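Report on the structure
The lines below spell out each chain.
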Amino acid sequence: MEAKRKTTFGAWLATFVLCYFFWILLTGSFAWQELVVGAVVSAGVALFSARWFVHEHPYWFFGKHLFILIWYCVAIFPWELLKANWDMAKRSLKPGKLDINPGIIRVPVDVPTEYGKTMLANSITLTPGTITMDIDERLGQTWYYIHWIDVQELDREAAGETIKGRMEKWIRRIWQ
C-alpha cells in the first residue's frame, strides 16, 4: 500500500494561488464579496487537492510556464476550437450528402508529463470531430487512439499533425 503523501505548505500555497488566479479570471469580478468567496473556495480546494496537484518543487509552475498556459487557454486552444467548429458547421450545413469518413487512428504523442498528456487528450476531445478514446504507453512511446469524424490521412505522423495542430507543441512547452 502506498504511503499517504503529506501536503506541504508550499504545495498548498502554490495550489491556492493558481486556483485563486483562475477564480478571478473566470468570474471577471473584483467585487470584495467575490474575492472573499474566491479566496475561501480556493483555500478549500487547495487544502484537499494540493497533495495530488503538486508533486515536487511547488513554485516551479509560476513564471514562464504559467504565462504559456494562459496564452494556450486564451489564444491557441480557442483558435483550434474555432477551426474545428467551422469545419463541423460546413459539414453539417452542406445540403445533400454528409461528407464524413469516420475511423479510429493511432497517433504518436510526444509530451513529457502525465499532466501534459491529459491536457492534450482533453484538448483533442474538446475539439469537435475528434475523441481521444485510449492512451497507450509502451516501450517509452505514447500513442493516442482517436476517433476522427473524417479520416483524411492514414499516415500516423501526418494524421497526428492534422489532429493535434499546434496544441501538442504548446502543451509540451507548458509541461517541460
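For the structure itself, look to the data block above.
Let me sum up the structure you'll find in this document. (Residues numbered from 1 in each chain as written. Predicted model: local features only at pLDDT ≥ 70, side-chain atom pairs only at ≥ 80, totals over all residues. Heavy atoms only, no water.)

1. Brief notes about the sheet that holds strand β1 (residues 103-109)
Strands pair in a sheet through their backbones, by hydrogen bonds, and they do so in one of two ways: parallel or antiparallel. Taken together, three strands build an open sheet; the order of strands is β1-β3-β2 and the sheet is antiparallel. Since the sheet does not close on itself, it has two edges, and those belong to β1 and β2 (130-138), each with one partner. Mean inter-strand twist for the sheet, computed between neighbouring axes without regard to direction, equals 25 degrees. Where β2 meets strand β3 (residues 141-148), eight bridges bridge the pair, whose relative direction is antiparallel. Within β3, the position partnered with threonine 132 by the bridge is isoleucine 146. Sheet strands touched by helix α4 (residues 114-126): β1, β2 and β3. Its angle to β2, the strand with the most contacts, is close to 155 degrees. (Pairing = 2+ DSSP bridges. Helix = DSSP H or I, 4+ residues; strand = E, 2+ residues; numbered from the N terminus. Axes fitted to C-alpha atoms, helices over the stretch in contact; angles between N-to-C directions. Contact = heavy atoms within 4.5 Å.)

2. Focus: a nonpolar patch on the surface
Residues Phe21, Leu25 and Leu26 make up a contiguous nonpolar surface patch of about 310 Å² in total accessible area. Overall, the relative accessible area of 71% leaves leucine 26 in the exposed class. (Patch = residues over 30% accessible without salt bridge, like charges linked within 9 Å, V, L, I, M, F, W, Y side chains within 5 Å. Areas by Shrake-Rupley, 256 points an atom, 1.4 Å probe, with all protein chains shown as cover. Salt bridge = Lys/Arg side-chain N within 4 Å of Asp/Glu carboxyl O. Buried < 20%, exposed > 50% of the residue type's maximum accessible area, 1.4 Å probe, protein only.)

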